[in-house]
Amino acid sequence: MYESVIGLEIHAQLLTQSKIFCGCSTRTGDPPNTHVCPVCLGLPGALPVLNRRAVELAAQAAIALGCTIHPTSVFARKNYFYPDLPKGYQISQYDRPLATGGSLQIATGGLAREIGLIRVHLEEDAGKSLHEGFPDSDRFARVDFNRSGVPLIEIVSRPELHSAAEAAEFFSRLRSILVAIGASDGNMEEGSLRCDANVSVRPGGATAMGVKTEIKNLNSFRYVQRALEFELERQTAVLEDGGRVIHETRLWDPAANRTHPMRSKEAADDYRYFPEPDLPPLRIEDAWIERLRASLPELPDARRRRFVASYGLPEYDAGVLTASPALASYFEATAAAAGNAKAASNWIMGELLGLLNERGIGIERAPIAPSALADLIRLVDSGTISGPTAKAVFAAMYTSGRGARAIVDAEGLARVDDEALIARTVAGVLAANERAVRQYHEGKRQTFGFLVGQVMTAMQGRANTEIVNRLVRRALEEGPA
Amino acid sequence: MPRSFSRDDVRAIARLARLELSEAELELFARQLTGILEYADQVRDVDTAGVAGVSAAGTGAPMRDDEVQPSIPRDDILRQAPGTAGSGFFKVPRVLS
């Protein structure tokens with residue numbers, strides 16, 4: 001048996017308006033090279049000036065992850081050549097990062113574990129190279145520097161993850177935290193959140209690490225899981241065949257569902273790091289850290305626990321509802337306005353998320369506001385409409401954007417409590433179903449349910465079920481044997 | 001770090017910096033770099049016990065507010081480039097094999 005050892009390196013784009021060392025916009029989706037200046041193009045003589053907001057967001061992420069923030073950290077140059085790195089070095093942090101330590105709790109298969117973190121540091125992103133897709137791509141590449149100098153944090157876990165599922169769970173939990181505190185938008189399609197994995201296997205019980213490979217391009221939870229499953233299996237097969245794993249960087253190819261070698265790391269990278277002479281050390285006073293700590297919103301874990309404790313929700317429901325801050329807030333607003341948390345949770349997790357997911361719409365753009373959903377819940381709780389009617393009203397609310405009360409009034413959907421009307425309908429149904437009535441009196445009592453159903457159908461599902469039950473029973477008992 | 005620079009050390013550094021050096025240059029730079037190293041050793045030998053450490057600036061890195069400033073017009077920037085693709089990109093020789 002082989003044991004898997006996995007460590008993750010996650011890069012998250014910080015949610016600033018401007019780049020980390022210059023005032024160019026960080027906005028995505030604009031034409032190439034429209035957010036560039038001498039600093040982020042690496043023109044000679046240009047000097048970087050640190051963006052305070054980037055430092056604050058990085059520090060808040062570090063606080064949320066329980067890291068120790070260092071009063072002094074140092075920017076360093078990581079030197080390498082690539083067309084999308086115009087200065088010939090990336091400004092990063094090396095031997096004195098912003099923060100070290102900390103941990104993140106994961107839970108897989110009902111088992112909670114703390115995964116240690118090594119560090120959190122600040123750095124700038126590189127530009128973007130386009131290698132393919134143009135008529136002369138066999139000879140040329142294109143470079144867009146809009147991304148160059150966008151602020152990132154790199155978060156490095158300890159090699160303490162032992163399965164692909166654990167790694168995916170870690171990545172997912174980390175994303176939830178970064179999004180909840182507003183440090184990153186966590187958008188993986190646009191590259192705001194990226195994951196690389198260091199992976200090795202070793203015989204069960206061994207303490208020495210096996211030779212690792214680094215897997216790049218894991219920009220979704222599913223890719224993390226599938227790529228690591230593939231790689232762990234591949235390495236195990238190599239070792240079982242008596243071979244050896246080569247220390248290399250491998251690229252995940254989602255189309256082929258496999259990893260393939262990118263470059264060998266046998267000759268260790270030599271980035272010739274040295275302290276960035278253009279930036280004095282970054283100093284963060286305790287008072288600043290405390291202000292940042294105080295302004296942190298509630299973290300997903302704490303919110304989940306509170307949902308269980310104060311709303312009485314099952315663990316599973318609380319987990320689903322706290323998956324994103326927007327969803328959690330939607331639930332809280334609905335529960336408060338409706339005065340019924342359990343019903344709010346049921347409607348959101350059932351009908352609402354069902355429709356939204358089906359249509360690929362985020363909760364932020366749900367066509368039903370929390371107050372509108374709460375109105376619907378109150379109509380059910382007050383007995384104005386029946387459960388089945390409520391589902392129809394909900395569907396109408398979703399498509400028309402109208403309020404529950406307006407739909408109920410306009411369509412005449414309010415529950416019918418009129419005993420005389422119900423009694424007349426019951427009499428009619430019984431008269432039309434003589435055979436079922438006879439069977440009831442012969443002792444086949446289940447025809448009772450059938451007759452109630454017939455009455456409800458006759459009244460378009462709007463009759464008060466309690467009254468229908470009572471009147472059908474009375475009519476049967478009083479009627480001719 | 002070595003106490004002196006060999007020609008192989010210089011060759012390795014030159015490779016990282018994408019520089020092509022002649023044998024004579026390897027020899028020259030090995031000698032000059034060794035000289036710099038010796039100077040650094042002299043500085044290190046100075047008795048600094050009791051002298052507080054200083055770094056570039058005592059107050060730390062100055063910071064700016066997170067405000068977007070105008071970027072440089074793209075045409076002006078691309079005019080400086082040796083190659084552009086006509087579609088707003090910088091154009092460079094293909095890097096992937």
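Definitions and limits used
- Residues numbered from 1 in each chain as written.
- Chains lettered and ligands numbered in written order.
- Predicted model: local features only at pLDDT ≥ 70, side-chain atom pairs only at ≥ 80, totals over all residues.
- Heavy atoms only, no water.
- Pairing = 2+ DSSP bridges.
- Helix = DSSP H or I, 4+ residues; strand = E, 2+ residues; numbered from the N terminus.
- Axes fitted to C-alpha atoms, helices over the stretch in contact; angles between N-to-C directions.
- Buried < 20%, exposed > 50% of the residue type's maximum accessible area, 1.4 Å probe, protein only.
- Lys, Arg positive; Asp, Glu negative; His and termini not counted.
- Salt bridge = Lys/Arg side-chain N within 4 Å of Asp/Glu carboxyl O.
- Polar contact = N/O pair within 3.5 Å; in protein donor to acceptor, adjacent residues only side chain to side chain.
- Contact = heavy atoms within 4.5 Å.
- Domains from an automatic or database assignment.
- Buried area = accessible area lost by both parts, 1.4 Å probe.
- Nonpolar A, V, L, I, M, F, W, Y, C, P; charged D, E, K, R; others polar.

Now for the sheet that holds strand β11 (residues 140-144) of chain A. On the basis of which strands lie adjacent, the open sheet formed by three strands has the order β10(A)-β11(A)-β2(B) and antiparallel pairing. Edge positions in the open sheet fall to β10 (128-130) of chain A together with β2 (90-93) of chain B, since each of these has one partner strand only. This sheet shows a mean twist of 35° between the axes of neighbouring strands, independent of strand direction. Here β10(A) runs beside β11(A); their pairing, made up of three bridges, is antiparallel. Bridging across to β11(A), A:Leu130 finds its partner in A:Arg142.

Residues and elements named next belong to chain A. One can find glutamate 466 in helix α15 (residues 465-478). Taking relative accessible area as the criterion, glutamate 466 reaches 65% and is therefore assigned exposed. Between the C-alpha atoms of glutamate 466 and lysine 212, which are 254 residues apart in sequence, the distance is 67 Å.

Turning next to the side chain of B:Arg64. When you line up the elements, B:Arg64 lands in strand β1 (residues 63-64). The buried charged residue B:Arg64 lacks any salt bridge, with B:Asp66 as its nearest oppositely charged partner at 4.7 Å. In this structure the side chain of B:Arg64 is engaged in a polar contact, spanning 2.5 Å, whose partner is the side chain of A:Ser18. Contact partners of B:Arg64, with chain neighbours within four places excluded, come to A:Ser18, A:Lys19, A:Ile20, A:Phe21, A:Cys22, A:Gly23, A:Val49, A:Leu50, A:Asn51 and A:Arg52.

Residue and element names in this part refer to chain A. In terms of domains, chain A is made up of domain 1 (2-288), domain 2 (298-411) and domain 3 (419-478). Here domain 1 and domain 2 have C-alpha centroids that lie 37 Å from each other. Of the residues lining the interface, eight residues belong to domain 1; the matching set on domain 2 comes to six residues. Overall, the association of domain 1 and domain 2 removes approximately 550 Å² of surface from exposure, summing both partners, and the carbon and sulfur fraction of that is 62%. Scanning the region where domain 1 abuts domain 2 turns up one salt bridge. Aspartate 301 is the partner of arginine 173 in a salt bridge, and the nearest nitrogen-oxygen pair spans 3.5 Å. Put simply, domain 1 and domain 2 have one residue pair in polar contact (both at pLDDT 80 or more) between them. Ranked by residue count, the leading element in the side of domain 1 that touches domain 2 is helix α2 (residues 164-180), at five residues. Grouping the amino acids of the side of domain 1 that touches domain 2 by side-chain chemistry returns five nonpolar, two polar and one charged.

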